[in-house]
Amino acid sequence: MIIGVPREIKSHEYRVGLLASGAKELTDAGYKVMVQRFRRHRRADIVLTAEDIYHKADIIVKVKELQHTECRMLKRGQIVMAFHQLFVDAERVRLITEAGATIISYEGVRDNTGKRPLLSPMSEIAGRLSVQTGAFLLEKKKRWGGVPCSAVFPGVLPGRMSQLSGGSLQRLDELDKIFKSRIKTLTSNAQNIEEAVCQSDLVIGAVLVPGEVTPKLVKEDTVRKMLKGSVIVDIGIDQGAVLRRQGRQPTPNRPIPFMTLFITA
């Protein structure tokens, strides 16, 4: 059996589907591993083009979803493992179906406890980077010489951050206990969201409904009322985003996540 690792072609995607250590484990187990040339993989065959991978491999290992050009290189019976997010692109689904390939979506894999062991590490990384990215953007001199995300010295107020996430009342209770009331939590409704977003220097969208498009929780009019120089970081942007443009149909009614309002300290 041949396992192929093509280079990611989605814009600004620099992760790889298989590390050198993983390639060694597979080859030691008797599999043949093909890797498109972009970095060194010990004990793997290096090929020049993605076409070589898709033509010969039985299993394709990727990070992000197949792009349309990749879908057209699939062959019947091939297995493709990645974060596919099939629900956001009907054309991609059609191309994969016509090719007769089998899809394994990392975001849909659950363990015996119902948790998502492949999605959770990526979510943790995205959560940490969202704050880091927001803090960097707030340092720029867009308003009053920048906004610190923490109390850098006495007499200066820190920035204010709101995060759309949480998930349930039980989770809000857990967060209160973890942070010992150093954060403020709010249930998710239109008024709470608008007030929190309009008062925040940094808004982080971290809503995930597995297998569905991200619910639209923040209206375009609300964004217009935000503080000058404020920042929005939406880590669910490739699943639909939390922002809702005026004139478009809202997401179908469903229980929406609760909102956690963080005030940095």
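Residues numbered from 1 in each chain as written. Predicted model: local features only at pLDDT ≥ 70, side-chain atom pairs only at ≥ 80, totals over all residues. Heavy atoms only, no water.

### With respect to the overall build of the protein chain
For step 1, the next point in the chain: Scanning the protein chain for helices and strands turns up eight helices and 13 strands.
For step 2, the next point in the chain: The contacts of the protein chain with a sequence gap of at least 6 include a subset with a gap of at least 24, amounting to 62%.
For step 3, the next point in the chain: Roughly 15,400 Å² of accessible area belongs to the protein chain as shown, and the carbon and sulfur atoms make up 55% of that amount. (Helix = DSSP H or I, 4+ residues; strand = E, 2+ residues; numbered from the N terminus. Contact = heavy atoms within 4.5 Å. Areas by Shrake-Rupley, 256 points an atom, 1.4 Å probe, with all protein chains shown as cover.)

### With respect to the pairing of strand β7 (residues 161-164)
For step 1, the next point in the chain: Burial of β7 is two-sided: the residues Met161 and Gln163 facing one way and the residues Ser162 and Leu164 facing the other way are all buried.
For step 2, the next point in the chain: Here β7 runs beside strand β9 (residues 202-205); their pairing, made up of four bridges, is parallel. Looking at the pairing, Met161 lines up with Leu202 of β9. (Buried < 20%, exposed > 50% of the residue type's maximum accessible area, 1.4 Å probe, protein only. Pairing = 2+ DSSP bridges.)

### Some thoughts on the nonpolar core
Most often, soluble globular proteins have nonpolar side chains that are buried together.
For step 1, the next point in the chain: The biggest cluster of nonpolar side chains holds 15 residues, and the ones touching the most others in it are Ile53, Tyr54, Ile60, Leu66, Leu74 and Ile96.
For step 2, the next point in the chain: Those elements that place two or more of their residues in this core are α2 (50-56) and α4 (90-99).
For step 3, the next point in the chain: If we ignore the near neighbours within four places in the chain, the residues touching Ile53 are Gly4, Val5, Pro6, Met34, Val35, Gln36, Val47, Ile60 and Gln78.
For step 4, the next point in the chain: By size, the runner-up hydrophobic cluster in this structure holds twelve residues, among which are Val35, Ile59, Val61 and Val63. (Core = buried A, V, L, I, M, F, W, Y, C linked by side-chain atoms within 4.5 Å.)

### Some points on the packing of aromatic side chains
For step 1, the next point in the chain: Tallied over the entire structure, the rule returns one aromatic pair.
For step 2, the next point in the chain: On the basis of an interplanar angle of 75° and a centroid distance of 5.1 Å, the ring pair of Phe83 and Tyr106 is categorised as edge-to-face. With Phe83 in strand β5 (residues 79-83) and Tyr106 in the loop between β6 (102-105) and α5 (119-139), this residue pair connects regions lying 23 residues apart in the sequence. Both residues of the pair, Phe83 and Tyr106, belong to the buried class. (Phe/Tyr/Trp six-rings, centres within 6.5 Å; stacked < 30°, edge-to-face > 60°.)

### Side note on the pattern of salt bridges
Pairing between side chains of opposite charge can happen when their charged atoms approach one another.
For step 1, the next point in the chain: Applying the stated criterion to the full structure yields 14 salt bridges.
For step 2, the next point in the chain: Among the salt bridges present, the one from Lys62 reaches Glu8, with a minimum N-O distance of 3.0 Å. Separated by 54 residues along the polypeptide, Lys62 in strand β4 (residues 59-64) and Glu8 in the loop between β1 (2-5) and α1 (20-28) bring together distant segments of the chain.
For step 3, the next point in the chain: Between Arg94 and Glu98 there is a salt bridge, with the nearest N and O atoms lying 2.6 Å from each other. (Salt bridge = Lys/Arg side-chain N within 4 Å of Asp/Glu carboxyl O.)

### What about the environment of Ile96?
For step 1, the next point in the chain: Within the element layout of this structure, Ile96 appears in helix α4.
For step 2, the next point in the chain: Overall, the relative accessible area of 5% leaves Ile96 in the buried class.
For step 3, the next point in the chain: Measuring from C-alpha to C-alpha, the distance between Ile96 and Cys71 comes to 5.9 Å, with 25 residues separating the pair along the chain.
For step 4, the next point in the chain: The residues touching Ile96, leaving out its near neighbours within four places in the chain, are Leu66, Cys71, Leu74, Leu86, Ala101 and Ile103.

### So, the sheet that holds β4
For step 1, the next point in the chain: Read from one edge to the other, the open sheet built from six strands follows the order β3-β2-β1-β4-β5-β6, with strand pairing classed as parallel. Looking along the sheet, the strands with just one partner apiece sit at the ends: β3 (45-47) and β6. The mean inter-strand angle of the sheet, taken between neighbouring strand axes irrespective of direction, is 25°.
For step 2, the next point in the chain: Examined bridge by bridge, strand β2 (residues 32-36) and β3 share three bridges and lie parallel to one another. Note on β3: the bridge partner recorded for Val35 is Ile46. (Axes fitted to C-alpha atoms, helices over the stretch in contact; angles between N-to-C directions.)

### Topic: the side chain of Gln36
For step 1, the next point in the chain: Tracing the backbone shows Gln36 in strand β2.
For step 2, the next point in the chain: Within the structure, Gln36 has its side chain in polar contact with the backbone nitrogen of Arg7 (distance 2.8 Å).
For step 3, the next point in the chain: When residues no more than four places from it in sequence are discounted, the contact partners of Gln36 are Val5, Pro6, Arg7, Val47, Leu48, Thr49, Ala50 and Ile53. (Polar contact = N/O pair within 3.5 Å; in protein donor to acceptor, adjacent residues only side chain to side chain.)

### Side note on unusual backbone geometry
Among all residues except glycine, the phi angle is most often negative; among peptide bonds, the trans geometry is most common.
For step 1, the next point in the chain: If you check the backbone angles, His12 has positive phi at about 65° while not being a glycine.
For step 2, the next point in the chain: You can see His12 is positioned in the loop between β1 and α1.
For step 3, the next point in the chain: Its relative accessible area of 64% is what places His12 among the exposed residues.
For step 4, the next point in the chain: Of note, the phi angle at Gln85 is positive, near 50°, even though the residue is not glycine.
For step 5, the next point in the chain: Positionally, Gln85 belongs in the loop between β5 and α4.

### Quick notes on the pairing of β5
For step 1, the next point in the chain: Across four bridges, β4 lies against β5 in parallel orientation. Along β5, the bridge assignment pairs Ile60 with Val80.
For step 2, the next point in the chain: Sheet topology note: the β5/β6 ladder contains four bridges and is parallel. Counted as the bridge partner of Ala82 is Ser105 from β6.

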